[in-house]
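# A structural walkthrough
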Amino acid sequence: MKDRPPVEVRASDLRRAAMDLLARREHSSQEMITKLKRRFRQRLEGDDLCHTVVDELIADGLLSDARYAASMARQLVNRGCGPKKLSFELRQKGCDPDSAVDAAFPDGIDWFALAEEIYERKFGGKPFPSDWDSKQKDRAKRGRFMASRGFSPSHFMHLLEATPDEMDGQDL
């Protein structure tokens, strides 16, 4: 077999590939450039064509960093991420967390209600163990879970407190 010279990449090829990616989900402009470079790396000479195509997509309103950031914020909150993890993840993606949350949730987010929902989904009505050591270990485990989700202790500490029913059964 003869090695054929690589076919030159046209702007229309890059645009079609970008449109295919956008059909699946929103992308940031930087993410789009990275994916286009990766897909056409052997046939692409320089980055100028990628940047030009991405700029055209932005001008046409097909690619929007603000829309991407809002979409990511909604996705992370629906997945159960707290405010700390949300900010961290959005910064990792190159987005401004405050503007993304404001765009995705114009009325704001009730972090306390979200923390309660996540806590109930994970632990349900599962009571704490009756002996003191096991109870403390279980509280610590639940607190670590909530902290790993990005919630501040103020959002979930009240969920780790003993219920009035548990207090009735204890001799103080």
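Relevant structure appears above.
Described in the following lines is the structure provided in the data block. This one's a predicted model, so the numbers in the text were calculated from it and none came from an experiment.

## Section: the packing of aromatic side chains
Tallied over the entire structure, the rule returns two aromatic pairs. A ring pair is formed by Tyr119 and Phe123, whose centres lie 5.1 Å apart and whose planes are at 50°; its orientation type is tilted. Of this pair, Tyr119 and Phe123 both sit in helix α7 (residues 111–123), four residues apart, roughly one helical turn. The two residues Tyr119 and Phe123 agree in class, both being buried. Relative to Phe145, the ring of Phe123 has its centre 5.6 Å away and its plane inclined at 85°; by these criteria the two rings are edge-to-face. Residue Phe123 is found in helix α7, and its partner Phe145 is found in helix α8 (residues 132–148); the two are separated by 22 residues along the sequence. Exposure class is identical for Phe123 and Phe145. Each is buried.

## Remarks on the nonpolar core
Leu86, Leu90, Tyr119, Met146 and Phe151 are the most contacted members of the largest nonpolar core, which totals 28 residues. Elements with a minimum of two residues in this core: α4 (65–78), α5 (83–92), α6 (97–104), α7, α8 and α9 (153–160). Top contributing element to this core by residue count: α4, with seven residues. The contacts of Tyr119, once residues within four sequence positions are left out, are Gly124, Phe128, Arg142, Met146, Leu159 and Leu160. With 16 residues, the next largest nonpolar core counts Ala17, Leu22, Ile33 and Leu57 among its residues.

## Side note on the environment of Phe128
For Phe128, the location among the structural elements is in the loop between α7 and α8. Counting along the chain gives 33 residues from Phe128 to Glu161, while the straight-line C-alpha distance between them is 9.9 Å.

## Observations regarding the layout of surface pockets
Any empty space left between atoms is shown by rolling a water-sized probe over those atoms. In this structure, the second largest pocket encloses a volume near 160 Å³. Taken together, 14 residues line the second largest pocket, and the ones lying closest to its centre are Asp65, Ala69, Gly94, Cys95 and Asp96. Only α2 (29–39), α4 and α6 provide two or more residues apiece to the lining of the second largest pocket. Among the elements that make up the lining of the second largest pocket, the one with the highest residue count is α4 (four residues). Considered class by class, the residues forming the lining of the second largest pocket number six nonpolar, five polar and three charged.

Conventions used here
Residues numbered from 1 in each chain as written. Predicted model: local features only at pLDDT ≥ 70, side-chain atom pairs only at ≥ 80, totals over all residues. Heavy atoms only, no water. Phe/Tyr/Trp six-rings, centres within 6.5 Å; stacked < 30°, edge-to-face > 60°. Helix = DSSP H or I, 4+ residues; strand = E, 2+ residues; numbered from the N terminus. Buried < 20%, exposed > 50% of the residue type's maximum accessible area, 1.4 Å probe, protein only. Core = buried A, V, L, I, M, F, W, Y, C linked by side-chain atoms within 4.5 Å. Contact = heavy atoms within 4.5 Å. 1 Å grid on protein atoms, 1.4 Å probe; cavity = no way out; pocket = protein on both sides within 12 Å on 5 of 7 lines; lining within 4 Å. Points joined across faces, edges and corners; volume = space filled by probe spheres on them. Nonpolar A, V, L, I, M, F, W, Y, C, P; charged D, E, K, R; others polar.

Geometric values such as these leave the question of function open.
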